[in-house]
Amino acid sequence: MLVISPASLGRALGRFNPAFVPAILLLWVGFYLLQGVRWHFLLREIGARLTARDAVLLNMAGQTITALLPLGDLTRAALVSEVSEVQFGAVVATVTVQELSYTFILILLAGPGVLEAGHGTGVLVLVLLFMVGVFVILTVPPVFHVVHGLVMRIPLLRRFVRQIEQLQHETVTLLHRPDTFGWSVLDLARGAAAVAAFWLIVQGMSPGTLDWWKAACVLTVANVGGAISLVPGGIGANEAGVAGLLVLFGVDPGTAGAAALLQRAFASGTAAGFGLVAFVLVRRRFGVRIRLLPRQPEPDRPRGHAALGC
């Protein structure tokens, strides 16, 4: 069990070089801009008539909830569904594809650090297996049919069956389009920005103790652990993962704990601060309110195997 004394934590925070702050903030702003631009291209594939500027703005507005709640990314989908009249399930498919792609990119970036240090391999393998499982469920009709049957037996989930059907249909459609993978280069740039921001945080307190690839390993494993925990925003689980892995990589406990806290402050602070401003602009521009269900009931779609095919 890792125990960090308040005194060592305070000393580490006191050593942080404030000259790194502008670069870290710029990287996080770039992170969300890249996320919004990448999302714009996915939204265009499902017929959402939004400019790149509007997609970036709506993406940023959704971060006010994403930073605080599990599944907060659905807020982005709800906002786009409201302003573009595209069905909610179709927009959720774009978010699903985007986040699967981004997570896969993070795992690739973490690979060299994992191989060098030997830490976190099991977690990354489990995540890859989970991603493969999600991919199979959404793209293999017989498997989806089995999952669909299970959903129909669960009263709480049954009300969302139409959205789930549409999510599967739109995800398959997106994955069959070359542009979906072509624009993954933006996910690569986004992942590199997140890793660079975290690496600069550690450099700002203890220069030379952590290389870039190990920073990628720490960030990836901690982010995955926070997501799996389903704790709102991964709060606590993410920080524990960051601190623990940094100590395994030879960073002193005080610096490790301070890095975890600063990482949370920069990531969530940027998301909440800029997201709140973006949300106000979205309210003025589009006059929408957040909904997590479509505004109107979706039309009936044929049931059975024909509805579940690729």
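Just so we're clear, the structure is a prediction, and the values are computed from it rather than from any experiment.

Chemist: Quick rundown of the overall build of the chain? Include the residues and the values.
Modeler: A tally of regular secondary structure across the chain gives 15 helices and 0 strands. The proportion of buried residues among the 310 residues of the chain is 48%. A sequence separation of at least 24 residues applies to 75% of the contacts in the chain between residues at least 6 apart. With an accessible surface of roughly 14600 Å², the chain has 70% of that area assigned to carbon and sulfur atoms.

Chemist: Can you break down helix α2 (residues 21-45) residue by residue, with the values?
Modeler: Here α2 is 25 residues long and its end C-alpha atoms lie 37 Å apart, about the 36 Å a rise of 1.5 Å per residue gives. Those residues of α2 that fall on the buried side of the exposure criterion are I24, W28, F31, Y32, Q35, G36, R38, W39, H40, F41, L42 and L43. Positive phi shows up at G47, right after α2, with a value of about 90 degrees.

Chemist: Describe the packing of helix α1 (residues 6-15) against helix α14 (residues 253-286), listing the residues and the values that go with them.
Modeler: Two numbers describe how α1 lies on α14: the axes approach to 8 Å, and their chain directions differ by 65 degrees. Handedness of the crossing formed by α1 with α14: right-handed. Every residue of α14 that contacts α1 at S8, L9, A12, L13 and R15 is listed here: G254, T255, G257, A258, L261 and L262. Looking at the contact of α1 with α14, its residues break down into 6 nonpolar, 4 polar and 1 charged.

Chemist: Which residues make up the confidence of the model for the chain, and what values go with them?
Modeler: Residues of the chain with pLDDT of at least 70 account for 79%, and the chain-wide mean is 79. Considering only residues more than four positions removed or in separate chains, one finds that residues 292-310, a stretch of pLDDT under 50, has 39 contacts.

Chemist: Give a description of the packing of aromatic side chains that names residues and reports values.
Modeler: Summed over the entire model, instances satisfying the criterion amount to 7 aromatic pairs. With centroids separated by 5.0 Å and ring planes inclined at 85 degrees, the aromatic side chains of W212 and W213 adopt a geometry described as edge-to-face. The structure contains a cluster of three or more aromatic residues connected by ring pairs, namely W28, F31, Y32 and Y102. Note that R76 overlies the ring of W39, its terminal NZ or CZ placed 4.6 Å from the centroid. Its end group placed over the ring of Y102, R190 keeps NZ or CZ at 3.8 Å from the ring centre.

Chemist: Please give an account of the pattern of salt bridges that cites residues and values.
Modeler: A full pass over the atoms with the stated rule returns 5 salt bridges. With its nearest N and O atoms 3.4 Å apart, the salt bridge here joins R76 to E99. Separated by 23 residues along the polypeptide, R76 in helix α4 (residues 74-84) and E99 in helix α5 (residues 88-117) bring together distant segments of the chain. The pair R76 / E99 is uniform in exposure class, with both members buried. E99 is the salt-bridge partner of R190, the closest N and O atoms lying 3.4 Å from each other. Here E99 lies in helix α5 and R190 lies in helix α11 (residues 185-205), a separation of 91 residues in the sequence. The class for R190 is buried, based on a relative accessible area of 3%. Three or more residues are tied together by salt bridges with common partners; here these are R38, R76, E99, D187 and R190.

Chemist: Tell me what's going on with the nonpolar core, and back it up with residues and numbers.
Modeler: Ranked by size, the top nonpolar core spans 72 residues in total, and within it I24, W28, L43, V91, F198, M205 and L246 carry the most contacts. Sort the elements by how many residues they give to this core and α5 lands first, with 13 residues. Those residues in contact with L246, other than ones at most four positions away along the chain, are F198, V202, L210, V218, V251, A256 and A259.

Chemist: Describe the environment of A7, and please don't skip the residues or the numbers.
Modeler: On the secondary structure map, A7 appears in helix α1. Distance from A7 to G254, taken between C-alpha atoms, is 8.1 Å for residues 247 residues apart in sequence.

Chemist: Run through α14, naming residues and quoting values.
Modeler: Its 34 residues give α14 an end-to-end C-alpha distance of 47 Å, which sits within 8% of 50 Å, the value for a rise of 1.5 Å per residue. Remark: G287 follows α14 within two positions and exhibits a positive phi of approximately 65 degrees.

Chemist: For the packing of α2 against α4, give the residues involved together with the corresponding values.
Modeler: With their axes 13 Å apart at the nearest point, α2 and α4 run at an angle of 50 degrees to one another. For the element pair α2 / α4, the angle class is oblique. Where α2 crosses over α4, the two elements pack in a sense that is right-handed. Between α2 and α4, the residues in contact are Q35, W39 and L43 and R76, A77 and V80, respectively. Taken together, the residues that form the contact of α2 with α4 break down as 4 nonpolar, 1 polar and 1 charged.

Chemist: Which residues make up the environment of V242, and what values go with them?
Modeler: By secondary structure assignment, the location of V242 is in helix α13 (residues 237-248). Residue V242 is classed as buried on the basis of its relative accessible area of 1%. For the pair V242 and N223, spaced 19 residues apart in sequence, the C-alpha to C-alpha distance is 8.5 Å.

Parameters and conventions
Think of each chain on its own: its residues are numbered from 1, step by step along the sequence as written. A pLDDT threshold of at least 70 governs which residues receive local features in this predicted model, and a stricter bar of 80 or more applies before side-chain atom pairs are shown or counted, although totals over entire chains, interfaces and linings include all residues. Just so you know, side-chain values use all the structure's heavy atoms and leave hydrogens and water out. Under the DSSP-based scheme used, a helix requires at least four consecutive residues in state H or I and a strand at least two consecutive residues in state E, with every element numbered from the N terminus. Buried residues are those whose accessible area, probed at 1.4 Å on protein chains only, stays under 20% of the maximum for their type, while exposed residues exceed 50% and partly exposed ones sit between those limits. In what follows, a contact means two residues having at least one pair of non-hydrogen atoms within 4.5 Å. In short, Shrake-Rupley with a 1.4 Å probe defines the accessible areas, and a residue's cover is counted only from the protein chains shown. By this rule the span expected of a helix is its residue count minus one, scaled by 1.5 Å. Note on geometry: axes are C-alpha line fits, over the in-contact stretch for helices, and angles between N-to-C directions span 0 to 180 degrees. We call a crossing left-handed when the near helix sits turned anticlockwise from the far one by less than a right angle, and right-handed when that turn is clockwise. The residue classification treats Ala, Val, Leu, Ile, Met, Phe, Trp, Tyr, Cys and Pro as nonpolar and Asp, Glu, Lys and Arg as charged. All others, Gly included, are polar. The predictor rates its confidence in each residue with pLDDT, a number between 0 and 100. Aromatic pairs are defined between Phe, Tyr and Trp rings, using the six-membered ring for Trp, whenever the two ring centres lie within 6.5 Å; interplanar angles under 30 degrees are classed as stacked, those over 60 as edge-to-face, and all others as tilted. We call a charge positioned above a ring when the Lys NZ or Arg CZ atom is no farther than 6 Å from the ring centre and deviates by at most 35 degrees from the ring normal. One speaks of a salt bridge when a side-chain nitrogen belonging to Lys or Arg is within 4 Å of a carboxyl oxygen belonging to Asp or Glu. Only buried residues count toward a nonpolar core. Its members are Ala, Val, Leu, Ile, Met, Phe, Trp, Tyr and Cys residues joined through side-chain atoms within 4.5 Å. Angles below 35 degrees are treated as roughly parallel, those above 145 as roughly antiparallel, those between 65 and 115 as roughly perpendicular, and all remaining angles as oblique.

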